[in-house]
Amino acid sequence: IPFLGYAQINTFPWTHNFDNGVGLTNWTSDDGDWLIWTGATYSNNTGPSDDMNGGGNYWYVEASSPNYPNNYFVCQTDTFDISSTPGQILSFWYHMYGNTMGELNIWIGDDNGWTKIDDIVGDQGDEWHIKYIELDSLGIVGNFAIGFEGKTGSSWASDIAIDSLYVGASYATVGCMDPTAQNYDPTATIDDNSCTWPPCGGFLNSNAYQMCWGNQAAIQFEWESDTSNFQCDVIEIYVGDENGWSF
């Protein structure tokens, strides 16, 4: 078991969402590496468009050529010691979207070697899902590491991503962890992507001015938008004429 030189974790809860730019440890005996990423992956109709919470990083397998078909990508955490803190769970979010999706296998490596404890197979839709695994039920012997094995499908449409790893109390509180949201739960330890914000007030004030220079003209548009929450920022301006709309 490749534990030599790995850090040991014995303080919980342990969380890792990749926003610090640090990934898990990639193995060198497989077909390639998991990657830190922000925003959408390279290909359309596969992979997430953002991380689980929005605006951060996630950890993923890029399935574009030459990484398909049926290639394996393996990574692992540092080691954990839960001998004095029973009742821990593993949870993580995963995104598996693509019409030729492969599979995600979850492994535990302990004194008995590596054992597959769960798998997720096929297209799961264009959304993040959460997975819970009770560690006490696995008969773990000694310290252990968690391994994630992504297997690509028959084409490039099989990007696999994970985010927001957690090892901690068995009855973790799941809820909205964004303090700017209406339903913020200060006791939550796992964000379930349920945050909501008040509706935007739109433009509070606006003015338009026409300016002419000889045979040229321009329109200057000024506005004051609702700034009660960051979701109300203007992100695109469209211009329409007899040829249609553009931005």
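Refer to the structure presented above.
Residues numbered from 1 in each chain as written. Predicted model: local features only at pLDDT ≥ 70, side-chain atom pairs only at ≥ 80, totals over all residues. Heavy atoms only, no water.

Trainee: Kindly report on the overall build of the protein chain, identifying the contributing residues and their values.
Mentor: Along the protein chain, the regular secondary structure elements total zero helices and 19 strands. In the protein chain, buried positions account for 40% of the 247 residues. Residue pairs in contact within the protein chain that sit at least 24 positions apart in sequence constitute 67% of those at least 6 positions apart. For the protein chain, the exposed surface amounts to about 13400 Å²; the carbon and sulfur share of it is 49%. (Helix = DSSP H or I, 4+ residues; strand = E, 2+ residues; numbered from the N terminus. Buried < 20%, exposed > 50% of the residue type's maximum accessible area, 1.4 Å probe, protein only. Contact = heavy atoms within 4.5 Å. Areas by Shrake-Rupley, 256 points an atom, 1.4 Å probe, with all protein chains shown as cover.)

Trainee: Outline the nonpolar core, supporting the account with residue identities and numerical values.
Mentor: Grouped together as the largest cluster of nonpolar side chains are 30 residues, with contacts concentrated most on Trp34, Phe92, Leu104, Ile106, Ile146, Phe148 and Ile162. In contact with isoleucine 162, not counting residues within four places along its chain, are Phe18, Leu24, Trp34, Tyr58, Trp59, Phe92, Trp93, Tyr94, Leu104, Trp128 and Phe148. Counting residues in each nonpolar core, the second largest holds nine residues, with Tyr60, Trp93, Trp128 and Ala161 among its members. (Core = buried A, V, L, I, M, F, W, Y, C linked by side-chain atoms within 4.5 Å.)

Trainee: Quick one: what's the story with the sheet that holds strand E12 (residues 145–151), residue by residue and with numbers?
Mentor: Sheet architecture is open: five strands sit in the order E3-E6-E12-E9-E10, paired in antiparallel fashion. At either margin of the open sheet sits one strand with a lone partner, and together these are strand E3 (25–26) and strand E10 (113–121). In this structure, strand E9 (residues 103–110) lies alongside E12, joined through seven bridges in antiparallel fashion. Residue pairing in the sheet places isoleucine 108 in a bridge with isoleucine 146 of E12. (Pairing = 2+ DSSP bridges.)

Trainee: How would you sum up unusual backbone geometry? Please name residues and give values.
Mentor: Following phenylalanine 12, the chain continues to proline 13 via a peptide bond in cis, the omega torsion being 5°. Between serine 65 and proline 66 the backbone carries a cis peptide bond, its omega angle lying at 10°. Phi is positive for asparagine 45, which is not a glycine, with a value near 65°. Tracing the backbone through its elements, the reader meets asparagine 45 in the loop between strand E4 (35–38) and strand E5 (57–61). Residue classification places asparagine 45 among the exposed positions, given a relative accessible area of 54%. Positive phi, normally seen in glycine, also occurs at serine 164, with a value near 50°. Take serine 164: it is sitting in strand E13 (residues 160–169).

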